[in-house]
Amino acid sequence: GVPLGFGGPHPAFFATHDVYKRNIPGRIIGLTQDANGNSALRMALQTREQHIKRDKATSNICTAQVLLAVMSGFYAVYHGPNGIKEIANTIHKNTGLLYSGLKELGFKIDNANYFDTLTINSNGKQHEIKKLAEEQHKNFKYWDNGNVSVSVSECTDEEDINQLLSIFATAISNKAPVANKLKANSPLGGDLLRNSAYLSHDVFNMHHSETEMMRYLKHLENKDISLVHSMIPLGSCTMKLNAASELEPLSWPEWSSLHPFAPANQTEGYTHIINELEDLLKEITGLHGVSLQPNSGAQGEYAGLLVIKEYLNNHSDSERNIVLIPSSAHGTNPASAVMAGFKVVVVKCDEQGNIDVTDLKAKAEEHSKALEALMLTYPSTRGVYEEAVIEVTDLIHQHGGQVYMDGANMNAQVAFTNPATIGADVCHLNLHKTFSIPHGGGGPGMGPIAVAEHLTPYLPGHVFADNKDAKNISAVSAANWSSASILLISYAYIKMMGHGGLKEATVQAILNANYIKQKIEKHFPILYTNHNGFVAHEFIIDCRQFKTSAGIEVTDIAKRLMDYGYHAPTVSFPVAGTMMIEPTESESLHEINRFCDVLISIRKEIESIENGELSREDNMLKNAPHTITEVSGDDWPHKYSRKSAAFPLDYLKEFKIWPSVKRVDDAYGDRNLMCTCPPLESYAELSNA
């Protein structure tokens, strides 16, 4: 159900024995129960740096590719087990017809067992076959030994089979057999045929008409909160607008249907855009070379560190293995460094969230001969611009190290400064943040890296790349340009915005963050600012004092925001007990004011607990979120009103978004991790447990 897209994005699935389930990278959706004992789904395993020790994170090997996994899942939902089997039978039957026709023509098939692909001994006719195939707009796989491989899909019909047979027949000056006169050969039988049930859950057996499918999709969509409802103020995520005009080309077959290994003379339009995007990113970063291979920001970090490693190895500095990482750096940095084979040394930060230059100097001096690199985030994950950043990068260079800049917060740099200006040798860019690719609920992402001139020869290579260089590190993605089709989004974003638009976006992102900070700082302490009292494009509010004054945790505030129709900001990262707020440039003054009103309203609710008007145990924060079933039920055991629970501000009477479940029981879910989709009966059993 996912298009080729010149290489991506694509999802990948793997299975493992039960004993290894807690070592799986990324996320597993598991079954738990909510506060009322009702069944609920949640992310049961999360191996990202926000949830476990940063250097133990395993999310760096991949991006979650959630959107593509959902597409594939719905493909199975729509077709169901019978439809999937019918598709498979159609593919295999047509492959069998092609096999029979080629055998009749006298060609030898090298693979005795096959499902959808045949490898054909061309009898020295590979050149003729290729010429005839391209005249018919067909691409085959041509092997160095003269063999030719052909694959069949469910889109291949009888006319296509006749065309294919005609190409091979003409190459040997013979008459092609006709598909409908052939008997389909099949090597599959016995142990190769599946007899066990599959896709047996009800969801795969209910939605086989377009009407039913659309209703099911809408039913699920109504459970989600997204940018169509309200601002998503997730710090360090840059949840900006993904404009329809940027997304539209992805549905055009000219872009979506191209194979990643198509001949170069058939991909000139794609490569023109890709090359121009690389040039645009070079200009934006001020750096010399760009690789678009990495599939995520974390994978970009990993690739960038490997580039540095290869460069140093080629300059007789292979003993360098220490990476300095400030405590204010983006959370994936330590995990990337460990995966690349380095030892991490953490550098302290001062009370304002800046790198402690004194501590940095001491550690750079201590590890001078082994210093590989410094990884820093600019602005920092604490929401401030490092005012000593050039002093910091100069210091690392003096000790022979390289500087890696994490581009997670590039939205606060574009058109005002750049990685090269602050002294970075490598940076990655999150195209799904700064450059408008949708987050997709966890992917697809893109994390291209930009490097200085001395590192350019070491960028990731690829077996099909034109510029193969012996110094290149090995490929980090299967396709040369990774998820090529979504590069169109960032290309369109940059071209339509232009220099002036990109600069204005940076201005608005910073202005919006400082506006919110100014409006709420009397209600919530702001943890870090610069010496003038300003923040970058995001900032951290401190919620820790409420635990003492009212028994309220930061999680209670996050859950209460759901009652107001808002996704919570980033919780307890990078500082436990806090929230990191990033409004982006996409939000209007009206929406920003509404969000501020919500935070102030929640603060007043906390005050009601502090002064004894509300119980510390039974209040609208501790019981948040409130579902429609709960609010409309006959029983209401709370001392606060239903109105204050569900409609605390007037706008909610018109724009109410009801949470699907109460607060989930994480501990229950951890103890009862369920990695497979259970039958509907098990949900009922759980509710009655």
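Enquirer: I tried to follow the pattern of salt bridges on my own but got confused; where do I start?
Expert: Under the defined criterion, the tally for this structure stands at 22 salt bridges. Asp556 is the salt-bridge partner of Lys622, the closest N and O atoms lying 2.9 Å from each other. Highlighted residues: Lys622 in the loop between helix 16 (589–610) and helix 17 (628–632) and Asp556 in helix 15 (residues 554–563), separated in sequence by 66 residues. Judged by its relative accessible area of 28%, Lys622 is partly exposed. Ionic pairing is found between Arg560 and Asp563, a salt bridge with its closest N-O pair at 2.9 Å. You can see Arg560 and its partner Asp563 sitting in helix 15, three residues apart, about one turn around the helix. The residues Arg560 and Asp563 share a single accessibility class, namely buried. Salt bridges sharing common partners tie together Asp556, Lys622 and Arg663.

Enquirer: Quick question: what am I supposed to make of the domain arrangement of the chain here?
Expert: Interfaces are often described in size by the accessible area the parts lose on coming together. Looking at the chain, the domain boundaries give domain 1 (75–192), domain 2 (253–496) and domain 3 (501–669). For domain 2 versus domain 3, the separation of C-alpha centres amounts to 34 Å. Facing 22 residues of domain 2, the contacting portion of domain 3 comprises 21 residues. Across the domain 2/domain 3 interface, buried area totals approximately 1800 Å², and carbon plus sulfur atoms make up 62% of it. Broken down residue by residue, the surface that domain 2 buries against domain 3 is led by Arg382, Asn411 and Phe416, which jointly contribute 29%. Linking domain 2 to domain 3 there are zero salt bridges. Seen at the junction of domain 2 and domain 3, the total is seven residue pairs in polar contact (both at pLDDT 80 or more). Of the residues contributing to the side of domain 2 that touches domain 3, the split by class is 10 nonpolar, nine polar and three charged.

Enquirer: Would you mind showing me how to read the environment of Trp481 here?
Expert: One can find Trp481 in the loop between strand 13 (449–451) and helix 13 (484–520). Placed 159 residues apart in sequence, Trp481 and Ile322 show a C-alpha to C-alpha distance of 30 Å. Leaving out residues up to four positions away in the same chain, Trp481 has contacts with Phe6, Thr271, Ile274, Glu278, Leu292, Met446 and Leu487.

Enquirer: Could you clarify how one ought to interpret helix 10 (residues 357–366) in this entry?
Expert: For helix 10, the set of buried residues is Val357, Asp359, Leu360, Lys363 and Ala364. Considered in projection along helix 10, the buried side chains sweep an arc of 155° and stay on one side of the axis. Along helix 10, exposed side chains directed more than 90 degrees from the buried face belong to Thr358, Glu365 and Glu366. Buried residues along helix 10 sit in contact with strand 8 (322–326), strand 9 (343–347), strand 10 (371–377) and helix 11 (389–398). Measuring from the side-chain oxygen of the N-cap residue of helix 10 to the backbone nitrogen of Thr358 gives 3.1 Å; that N-cap residue is Asp356.

Enquirer: I tried to follow the environment of Ile606 on my own but got confused; where do I start?
Expert: Here Ile606 is to be found in helix 16. What makes Ile606 buried here is its relative accessible area of 0%. Considered as a pair, Ile606 and Ala550 are 56 residues apart in the sequence and their alpha carbons are 6.6 Å apart. Beyond its immediate sequence surroundings of up to four residues, Ile606 is in contact with Phe546, Ala550, Ile552, Ile557 and Leu621.

Enquirer: Teacher, can you tell me more about the packing of helix 15 against helix 16 here?
Expert: Axis angle and axis distance: for two packed helices, these are the angle between their axes and the distance between the axes, and together they describe the pair. Two elements in contact, helix 15 and helix 16, have axes whose closest approach is 11 Å; the angle formed by their N-to-C orientations is 125°. Taken together, the axes of helix 15 and helix 16 lie oblique to each other. The interaxial crossing formed by helix 15 with helix 16 has right-handed handedness. Contact residues: helix 15 offers Ile557, Arg560 and Leu561, while helix 16 offers Val598, Leu599, Ile602, Glu605 and Ile606. Residues of the contact of helix 15 with helix 16, tallied by class, amount to six nonpolar, no polar and two charged.

Enquirer: When you look at the sheet that holds strand 3 (residues 108–109) in this model, what are you seeing that I'm missing?
Expert: To summarise the sheet geometry, strands pair through backbone hydrogen bonds and adopt either a parallel or an antiparallel arrangement. Strand order in this open sheet of four strands is 3-4-6-5, and the pairing throughout is antiparallel. Of all the strands in the sheet, just strand 3 and strand 5 (141–142) have a single pairing partner and so form its edges. The pairing of strand 3 with strand 4 (residues 117–121) spans two bridges and is antiparallel. Bridge pairing in strand 4 links Lys108 to Asn121.

The rules behind the values
Residues numbered from 1 in each chain as written. Predicted model: local features only at pLDDT ≥ 70, side-chain atom pairs only at ≥ 80, totals over all residues. Heavy atoms only, no water. Salt bridge = Lys/Arg side-chain N within 4 Å of Asp/Glu carboxyl O. Helix = DSSP H or I, 4+ residues; strand = E, 2+ residues; numbered from the N terminus. Buried < 20%, exposed > 50% of the residue type's maximum accessible area, 1.4 Å probe, protein only. Domains from an automatic or database assignment. Contact = heavy atoms within 4.5 Å. Buried area = accessible area lost by both parts, 1.4 Å probe. Polar contact = N/O pair within 3.5 Å; in protein donor to acceptor, adjacent residues only side chain to side chain. Nonpolar A, V, L, I, M, F, W, Y, C, P; charged D, E, K, R; others polar. Arc of directions from axis to C-beta. Axes fitted to C-alpha atoms, helices over the stretch in contact; angles between N-to-C directions. Parallel < 35°, antiparallel > 145°, perpendicular 65-115°, else oblique. Left-handed = near helix turned anticlockwise from the far one by under 90°. Pairing = 2+ DSSP bridges.

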